[in-house]
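Chain residues, written in single-letter form:
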Amino acid sequence: MAAHSVLTDELVKQLIAVGQVDVLVALPTFHNASSAAGAARAAVLGLARHFPRARSALLHVDGGSSDGTPDIVLRASGPDLDREIRAQTLRTIQRISAPYDGLPTKATALRAVFASADLLQARAIAVLDPTVTSVTPEWIAALIGPVLRDRRDFVAPVHQRHPLDAPLASQLVRPLVRAVYARRIEEPVAGEFGCSGAFVTRCLADAIWDREMAPLGVDASLSLAALAGPFDVCQASLGPRVTAPDAPRPALADVFRQVVGSIFACMEAQQSAWITRDGAQEVPLAGEAPASLADTTPLEAAPLVEGYRSGLRDLGDLLAPILEGGTLAALREAAASDPLAFRVEDSIWVATVYEFAAAYHRQVIHRDHLVQALVPLYLGRAASFLLECVGKDLAEIASRADALALEFETMKPHLLRHWEPNHGGES
Amino acid sequence: MRYAPDEHQARDPLSGASGSATLRVHPSSATANHLMPDDLWYKDAVLYELHVKAYADKNGDGIGDFDGLIDKLDHLVELGVTCLWLLPMYPSPFRDDGYDISNYCDVHPNYGTLDDFRRFLAAAHDRGLRVIIELVVNHTSDQHPWFQEARQSRDNPRRDWYVWSDTDDRYEGARIIFLDTEMSNWAWDPVSKSYYWHRFFSHQPDLNYDNPAVREEMWNVMRFWLDMGVDGFRVDAAPYLIEREGTSCENLPETHDVLRFLRRRLDESYAGRMLLAEANMWPQDVRPYFGEGDEFHMAFHFPIMPRMFMALRLEDRKPLIEIFDRTPSIPASCQWATFLRNHDELTLEMVTDVERDYMVEEYARDPVARINLGIRRRLAPLLDGDRRRIELLNGLLMSLPGSPVLYYGDEIGMGDNVFLGDRNGVRTPMQWTGGWNAGFSTADPERLYQPLILNPIYGYQAVNVESQRRSEHSLLQWMRRLIRVRRSHPVFGRGTIEFLHPANHRVLAYTRTHESESVLVVNNLSSSAQAVEIDLRPLEGAIPVEMFGGSPFPRIGKLPYMLTLAPYAFYWFRLRWL
Amino acid sequence: MTETISMALRDAWGNFLMGVEQLLPQILAAISIVVVGWVVAALLGIVVRYVLGWVKFNAFAERAGASDLLKKAELPAANAVAGRLVFWLVWIGFLISGAQTLGFSGMSELMTGFAGFLPRLGAALLILVVGFVAANFAWRATLLAAVNAQVRSARIVSGAVRFLVLVLAIAMALDQIAVARSVVVTAFAITFGAVMLGLAIALGIGGGPVAARVLDQLMQQAPRQDSDPAPHL
């Protein structure tokens, strides 16, 4: 047994004073002075308004910020707010604010949060993202409510978006997770979520924490752990998600390494859970489905196409051991086509993604390199989607995204065939 | 008569002597002047509220009486209470549980005669017990001779003793208190063909305190009882004495004038007697009834009561701290009266809507237990008969500021019967023994004014004074010890309070300080064991001595003082600088 | 004459036969040593392989990253490699002892020299293998990074990196076996210097504006537009 403790002495001391709680809202911060105050304030107000009877606490863990984040959080959620909420709540809303041990990564912070929740035997836990400035008290209700009310284990958020936004989510992450895990979940990679005490306890015993350091990676890992395990998952509608202008923005390749790398790693670790699933179950949504945002500034397609072409050309033979000959040929054909009619067809794209996932599993080349090699191909697919949607209305775009998801589902045997080539195409 | 200051004997908690056993009283004539060692006796008092009809029946008619009560005074002395508060024992048509009085200067024949009352009073005084009685100043019964006379004709000399009107639209600013039963504060009198004013039931016409004769007469009533030796009055419905157009007719300055008048008269000839106000309002609204120490000596602090129950269920000290934050300071000669339960429902008027919903859901899941804005249950059933919670709440009651009022039967954990209608379920006969009629009466059980509690948990065979007296670990014996410790230390009645704020919100901790004495009280409001670190640096150097067992605890130093508490446990520490 | 010849022949044959008579047991002994040595070495190799198999040496090797390396170098599993290594070391030891029993001084010296050279040869080979793997790895990493950063000459840059690492590895390997040490060092220095100079000149002439822009952004902390991922996720 490792004698290493996840909780600092300071944290343990405060946790002892708080004792058992029903609801815990966690805010893991590191250098979020400009944006964390809003989330902290919304958390306390949300607890006061929506869970006045519950034993509740705001848990703020900090990775050692030097920009005064802890003070700012304390001020935003402290005694001034108490006077405001005095009549609304029956109990004291407890505040815990302490540093956590180890590298200031999201994984370390969340591990400390989960360990704290476990120690306090919290029944419901909501984790907020300190870089998000659009948190409202209703988010707390949406993330915690289903856990307490309907005994859900994991509440994934549904944000209000434009269907052309976030092509990485719509073209890769969402349909891939939906097909592989057979659950129609909108946001498998979200910085905020709600979960039950049982989920927390299970995750603490899991290897997620050793595997994942990257912030987006942890988000994905937790969602997928919920989808793979014996957990009751639901979604909650939260509204638009706006991040602070100074929030860290990793480069696309890094986003890929975190998100796609995580999903592939989870598929690897949880294959016994998903390999026999097919179709895709609806994940219940608490509250009303949000209307799509009407306006957006979509990405420009031309640079994406260029990135795809040069990437495909430059990577050359590197893709050969990963992709089937036919798939690679089809991709090259697409690269050669007329810029206006540029398309990476659904089936080609799905085959590409599945063959990458399988190659990751079989460790054809170094896994980190493999994930990066997918980036230029994604650029092509994103461009293809954007070009295809020019002039289409919201409903048509949404149905395009749906068609892709269905293609992922129907082609799942393709994944299985490549996953274990020796076993043939069993599904 | 003179009271020996029994506190001197009982002050040392380590003496081991029973506080009640050392009570020493110099018997003397009950009519003699009160030569008080301390006119502020009510600040150290432990009051005990009882119904004469419910306590003990000597003559076997099924209704308790003064003779029966005299026989049971020793129980009260043993318990350690210092003052009895008798619910109305006046002649009455009993349409409002005796609060509709038809003669102020007599007792109801059901309970005995005035002579019986005098004997009771003397017996109580002989045992060192003070007695306060109800004084329903605001209204009489419509059967009272004053009202009968007043309604005879519009020019009757007593006509002006009540508030009359030809129309029913005066004083429209006054709310109707009993919304369930009354449509208006005016009632039509068919005899004198006009309306009379009543704030409560229509059979309870309000007296007209604008009339000096009424004030004088009410003072005469008080004098009647004071001369007999009564130690004070619990004044019912004090805020409603005077009516003025365009006001709510509550808490008017003229009402305070009347009260100051009565107090002045009292002080002139009857020093050391006490007036206790009933005004179910927020403490800041009750505050004027203390005046500058020239109105009431005491007033009930209503909002503390539901908050003690709430804090216990929430396992959080917040409700209690908040209500003390909202409690204004009162003149030095005045005192709050606090209670856990009384003859009425557990009233939830003085809580917010969120709090009321919570209380009703947590303490009265069965709708039968709800009445008006409250819960009609006794202490023990409210707490599921959990001894630890009963002890904790009594511990809070005895250690927080104010003079505690116990309700009869709660010292043995009596149950209730919500099916008896109104609030009769908490007014059942006292359970003395496991025998015939619980030792309350020799009458046939059918003749009892109300049935006994019979269920296997709270029934008289399980819960009674006799069996608890024989068991060292019974609630009754525990209550005796608690009251003894409380009475041994005037700091509880007279001291200031300062709340401590340890990080653990399940723990309510405070210090009480009076002159050179300091007490530290730490309560665990939760159902689980708790650890707490309390910042006691201002008390550095003191040795806490636990007050029930006398065990010394480690000396308080610079570091946070660490304590662990079992579920619902509490400590009272006397702080000694030795 | 005939007498002399026959005597000489007899002496010679006598000597030869005597020599053979003397040498034969030595040869037989040497052969037996070599054969027994082979058997012992083979047994030891097998034992090592299985013992390492039992103690999950491969898993350890995997964690240490050695397996990845071996796989890239198309070598068998870690325990098999260890087993074969043990076999060869032991057998070569026996071979040397066998040669010594023959009593040929030159042979013995040669064998000892060879034995002394063996570890350095092994080290050089290892360096080459590692260098090859590292060169490949660095090439792929550079290529992917360059492609994803949309660098136009991604292949040239990554190829240069691979070439450099390989050159470095070969130089180190040659240095290890001490073949023309000075030549190797000089050649390496010239190659490396040339590449660096080339790069510096190339960057200085062609990459000036790029460097200026990069520095500009660093100094002003201007928000990056091109790699902004928010639109992607």
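The following refers to the structure shown. Computed from a predicted structure; not experimentally measured.

Criteria and thresholds
Residues numbered from 1 in each chain as written. Chains lettered and ligands numbered in written order. Predicted model: local features only at pLDDT ≥ 70, side-chain atom pairs only at ≥ 80, totals over all residues. Helix = DSSP H or I, 4+ residues; strand = E, 2+ residues; numbered from the N terminus. Buried ≥ 20, exposed ≤ 12 C-beta atoms within 10 Å, placed from the backbone. Contact = placed C-beta atoms within 7 Å. Core = buried A, V, L, I, M, F, W, Y, C linked by C-beta atoms within 7 Å. Nonpolar A, V, L, I, M, F, W, Y, C, P; charged D, E, K, R; others polar. Pairing = 2+ DSSP bridges.

1. Comments concerning the overall build of chain C
Piece 1. Within chain C, the regular secondary structure consists of eight helices and zero strands.
Piece 2. Scanning chain C from its N terminus toward the C terminus, one meets helices and strands in the order α-α-α-α-α-α-α-α.
Piece 3. Taking all 233 residues of chain C together, the buried fraction comes to 15%.
Piece 4. Of all intrachain contacts in chain C linking residues separated by at least 6 positions in sequence, the fraction that spans at least 24 positions is 66%.

2. Quick notes on the nonpolar core
Piece 1. If you look at the biggest cluster of nonpolar residues, it comprises 168 residues, and the most contacted ones within it are Leu276 and Ala299 of chain B.
Piece 2. Of all the elements, helix 10 (residues 304-314) of chain B adds the most residues to this core, at eight residues.
Piece 3. Setting aside residues up to four positions removed in sequence, Ala299 of chain B forms contacts with Leu276, Ala277, Ala279, Val286, Tyr289, Phe290, Trp336 and Ala337 of chain B.
Piece 4. Listed in part, the 162 residues of the second largest apolar core include Phe193, Ala383 and Ile397 of chain A together with Ala154 of chain C.

3. Comments concerning the interface of chain A and chain C
Piece 1. Taken residue by residue, the interface counts 27 residues in chain A and 17 residues in chain C.
Piece 2. When residues of the side of chain A that touches chain C are traced back to their parent elements, those giving at least two are helix 7 (167-181), helix 11 (252-269), helix 13 (301-315) and helix 16 (367-388) of chain A.
Piece 3. Residues that form the side of chain A that touches chain C fall into these classes: 18 nonpolar, six polar and three charged.

4. Some details on the sheet that holds strand 8 (residues 194-197) of chain B
All names here are of chain B.
Piece 1. The antiparallel open sheet is built from three strands, whose spatial order is 6-8-7. Every other strand in the sheet has two partners, leaving strand 6 (164-165) and strand 7 (186-189) as the edge strands with one partner each.
Piece 2. Pairing of strand 6 with strand 8, which is carried by two bridges, proceeds in the antiparallel orientation. In the strand pairing of strand 8, Ser165 is matched with Tyr195.

5. Describing the interface of chain A and chain B
Piece 1. Counting residues at the interface gives 13 residues for chain A, matched by 16 residues for chain B.
Piece 2. A per-class count over the side of chain A that touches chain B returns five nonpolar, six polar and two charged.

6. As for the pairing of strand 7 (residues 193-196) of chain A
Residue and element names in this part refer to chain A.
Piece 1. Side-chain alternation along strand 7 places Phe193 and Cys195 on one buried face and Gly194 and Ser196 on a second face that is also buried.
Piece 2. Strand direction decides the pairing type here: strand 4 (residues 124-127) and strand 7, joined by four bridges, are antiparallel. Counterpart to Ile125 in the pairing with strand 7 is Cys195.
Piece 3. With two bridges joining them, strand 5 (residues 154-160) and strand 7 adopt antiparallel strand pairing. By the bridge assignment for strand 7, Phe154 is matched with Cys195.

7. Details of unusual backbone geometry
Piece 1. The backbone phi angle of His31 of chain A is positive, close to 55°, even though this residue is not glycine.
Piece 2. Among the secondary structure elements, His31 of chain A is positioned in the loop between strand 1 (23-29) and helix 2 (36-50).

None of the figures reported here should be taken as evidence of function without further support.
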